[in-house]
Amino acid sequence: MQLLKERILKDGTIKPGNILKVDSFLNHQMDIPFINKLGKEFKRRFEDCPVTKILTIEASGIGIAALTAQYFQVPVVFAKKAQSLNLDGEMYTAKVESFTHKKVYDVILSKKFLTAQDHVLILDDFLANGCALKGLIQIVQSSGAVLEGAGVVIEKGFQGGGDELRRMGIRLESLAIIDSMKNGSLIFRESH
Ligand code: 5GP
């Protein structure tokens, strides 16, 4: 998505550890009209899917999911990050290794908000190694719902998570794919 690539080049900064900061417009300060356009683009790409629910993970995915959900006219549910699990059987759970914080945490979602009748679109801000999305996919599988696909705003293609998910047969739409962030310069994958 050209508009997104231009914004990343204008406002994104590269940090040690292969971290791209886009916190001036995407996941700390949020440029709502801009994110709204990302939402419209997700809708265009998943137009043919009978989505009944958008699933994301707190915190950065929520704004993106909320603006996108307006176009699908469906609810958003977000998995919560829990430090320690107090399992009471009413929750779906999955383990996720945080890319940015390098620790394993549990994500939880109340069973009442995702059922076998749902058709789910998973959304998130970044895709790196794929742990966050895999945790969400596991939750969808536990619920018996149909996974229609997954959308991320920025895929760091060189970290492999996206290709692994595609190999698993997941329909994955990334609005921008970065193939390299070496020496302070960003290289995007063609046609994204
Ligand atoms: P993964 O689980 O795919 O390795 O990493 C995805 C998660 O880590 C996303 O939910 C996102 O919050 C965070 N993340 C991964 N890479 C980056 C990055 O380069 N910049 C930012 N801001 N977050 C990232």
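Please refer to the structure placed before this passage.
Attention in this report is confined to the structure presented alongside it. (Residues numbered from 1 in each chain as written. Predicted model: local features only at pLDDT ≥ 70, side-chain atom pairs only at ≥ 80, totals over all residues. Heavy atoms only, no water.)

A closer look at the sheet that holds strand E4 (residues 76–82)
- Judged by pairing direction, the sheet is mixed, and its 8 strands sit side by side in the order E5-E6-E4-E3-E7-E8-E9-E10 without closing on themselves. Every interior strand has two partners, whereas the edge strands, strand E5 (91–97) and strand E10 (187–188), have only one.
- Note: strand E9 (residues 172–180) against E10, 2 bridges, orientation antiparallel. Residue pairing for E10: serine 180 is matched across the bridge by isoleucine 187.
- Along the sheet, helix H1 (residues 2–11) contacts strand E8 (146–156), E9 and E10; its crossing angle with E9, the most-contacted strand, is approximately 40 degrees.
- Sitting on the sheet, helix H3 (residues 60–72) is in contact with strand E3 (53–57), E4, strand E7 (119–127) and E8, with an inclination near 170 degrees to E3. (Pairing = 2+ DSSP bridges. Helix = DSSP H or I, 4+ residues; strand = E, 2+ residues; numbered from the N terminus. Contact = heavy atoms within 4.5 Å. Axes fitted to C-alpha atoms, helices over the stretch in contact; angles between N-to-C directions.)

Thoughts on the site of the ligand
- Taken together, the neighbourhood of the ligand is formed by 16 residues, with Leu20, Ala128, Asn129, Gly130 and Lys156 sitting nearest.
- Interatomic distance of 2.8 Å between a backbone N/O atom of leucine 20 and a nitrogen atom of the ligand.
- Protein chains bury 89% of the 500 Å² of accessible surface belonging to the ligand in isolation.
- A molecule is said to occupy a pocket when more than half its atoms come within 2 Å of that pocket's grid points, and by this definition the ligand occupies the largest pocket.
- Sorting the residues of the shell around the ligand by element identifies strand E2 (19–21), E7 and helix H4 (131–143) as the ones contributing at least two each.
- By residue number, the principal contributor to the shell around the ligand is E7, which donates 4 residues. (Near = heavy atom within 4 Å. Polar contact = N/O pair within 3.5 Å; in protein donor to acceptor, adjacent residues only side chain to side chain. Areas by Shrake-Rupley, 256 points an atom, 1.4 Å probe, with all protein chains shown as cover. 1 Å grid on protein atoms, 1.4 Å probe; cavity = no way out; pocket = protein on both sides within 12 Å on 5 of 7 lines; lining within 4 Å. Sits in = over half its atoms within 2 Å of the grid points.)

Quick word on the layout of surface pockets
- Estimates place the volume of the largest pocket at around 910 Å³.
- The wall of the largest pocket is formed by 34 residues, among which Lys81, Ser98, Phe99, Thr100 and His101 lie closest to the centre.
- Those elements giving two or more residues to the lining of the largest pocket turn out to be E2, E4, E5, E7 and H4.
- Here the residues of the lining of the largest pocket are counted per class, giving 15 nonpolar, 9 polar and 10 charged. (Points joined across faces, edges and corners; volume = space filled by probe spheres on them. Nonpolar A, V, L, I, M, F, W, Y, C, P; charged D, E, K, R; others polar.)

Concerning the pattern of salt bridges
- Under the defined criterion, the tally for this structure stands at 15 salt bridges.
- Residue lysine 10 pairs with aspartate 11 through a salt bridge whose shortest N-O separation is 3.4 Å.
- We classify lysine 10 as exposed; its relative accessible area is 62%.
- Ionic pairing is found between arginine 189 and aspartate 179, a salt bridge with its closest N-O pair at 2.9 Å. In this pair, arginine 189 is assigned in the segment after E10 and aspartate 179 in strand E9, connecting sequence segments 10 residues apart.
- Classification of aspartate 179 as partly exposed rests on a relative accessible area of 29%.
- Through salt bridges that share partners, Arg7, Lys10, Asp11 and Asp31 make up one connected network. (Salt bridge = Lys/Arg side-chain N within 4 Å of Asp/Glu carboxyl O. Buried < 20%, exposed > 50% of the residue type's maximum accessible area, 1.4 Å probe, protein only.)

Some details on the pairing of strand E6 (residues 104–110)
- E6 sits mainly inside the fold: 6 of its 7 residues count as buried.
- In sequence, E5 turns back onto E6 through a hairpin of 6 residues, with lysine 102 there showing a positive phi of about 55 degrees.

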